[in-house]
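Now for the letters of each chain:
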Amino acid sequence: MDDSETGFNLKVVLVSFKQCLNEKEEVLLDHYITSWKGLVRFLSSLGSIFSFISKDVVSKLQIMERLRSGPQGEHYSSLQSMVAYEVGHQLVDLEHRSHHPNSGCRTVLRLHRALHWLQLFLEGLRTSPEDARTSTLCTDSYNASLAAYHPWVVRRAVAVAFCTLPTRKVFLEAMNVGTTEQAVEMLGEALPFIEQVYGVSQKLYAEHSLLDLP
């Protein structure tokens, strides 16, 4: 499939995460939202199999866009400024969801967890042999990230859905960067950008004890 025809290229999406960090290693939320939209487009191109994740991500992105364009939007220019603002003004539900169910901190935390799953899965695709079962790769990535935050019913449904995943070759071709070998090479070059954004976000949330927001 030709890139010019589809207008989509996963390398462009992954490299866009490089723009999420400024020279101070602040996570710029406008770029973060845009990069996530590209990842949603990739997931959607694979059919409805990942809709349980992409639908939730889309709703979270909409919340962040409303906060960014709202009256306090200046405080949502970066992840660091958002955390400082919401924590400083007690706009985060730390123990129970109550007055601030859609705080920016909680919303980005859900995106952060989903990003970890996708990062692990793409890394699994990159390093696995040609005959690797994508259902196993995706399940292992899910169990190491999102599963801990989902009830048993959801985990069970996800496990069943993963059994219908396309082959590793189909996933790599869907990235629209050329051959499967070129896709693997691209992932090696581009995934570090996601890993860096994830690492900076993880450290910030850990410093403020925000990793387990309800």
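Being a predicted model, the structure only gives us computed values, none of them experimental.

Chemist: Just give me the short version of the environment of His 31, but keep the residues and values in it.
Modeler: Along the chain, His 31 falls in helix H3 (residues 29-45). In this structure, the C-alpha to C-alpha distance between His 31 and Ser 16, residues 15 residues apart in sequence, is 7.5 Å. Setting aside anything within four residues of it in sequence, one finds His 31 in contact with Gln 19 and Cys 20.

Chemist: Before we move on, can you summarise the packing of helix H5 (residues 79-88) against helix H10 (residues 180-207) with the specific residues and values?
Modeler: Between H5 and H10, the least distance of the axes is 11 Å, while the angle of their chain directions is 15°. Between H5 and H10, the angle falls in the class roughly parallel. Helix-helix and strand crossings are classified by hand; for H5 and H10 the assignment is right-handed. Here Leu 79, Gln 80, Met 82 and Val 83 of H5 lie close against H10, whose contacting residues are Val 200, Ser 201, Leu 204 and Tyr 205.

Chemist: Please give an account of the UniProt feature "domain: Glycolipid transfer protein" (unreviewed entry) in the protein chain that cites residues and values.
Modeler: Under the feature "domain: Glycolipid transfer protein" (unreviewed entry), the UniProt entry names residues 28-176. A distance of 27 Å separates the end C-alpha atoms of residues 28-176, which is 66% helix and 0% strand.

Chemist: How would you explain the pattern of salt bridges if you had to name every residue and give the values?
Modeler: If you walk through the whole model with that rule in mind, you get 6 salt bridges. Salt-bridge contacts for Arg 68 lead to Asp 30; the nearest nitrogen and oxygen are separated by 2.9 Å. Taken as a pair, Arg 68 in helix H4 (residues 51-69) and Asp 30 in helix H3 lie far apart in primary sequence, 38 residues in all. The salt bridge partner of Lys 37 is Glu 65, with a shortest N-O separation of 2.5 Å. Placement of the pair is Lys 37 in helix H3 and Glu 65 in helix H4, with a sequence separation of 28 residues. Exposure remark for Lys 37: the relative accessible area of 42% places this residue in the partly exposed category.

What counts, and at which threshold
- Residues numbered from 1 in each chain as written.
- Predicted model: local features only at pLDDT ≥ 70, side-chain atom pairs only at ≥ 80, totals over all residues.
- Heavy atoms only, no water.
- Helix = DSSP H or I, 4+ residues; strand = E, 2+ residues; numbered from the N terminus.
- Contact = heavy atoms within 4.5 Å.
- Axes fitted to C-alpha atoms, helices over the stretch in contact; angles between N-to-C directions.
- Parallel < 35°, antiparallel > 145°, perpendicular 65-115°, else oblique.
- Left-handed = near helix turned anticlockwise from the far one by under 90°.
- UniProt positions renumbered as here; feature names shortened; annotations may be inferred.
- Salt bridge = Lys/Arg side-chain N within 4 Å of Asp/Glu carboxyl O.
- Buried < 20%, exposed > 50% of the residue type's maximum accessible area, 1.4 Å probe, protein only.

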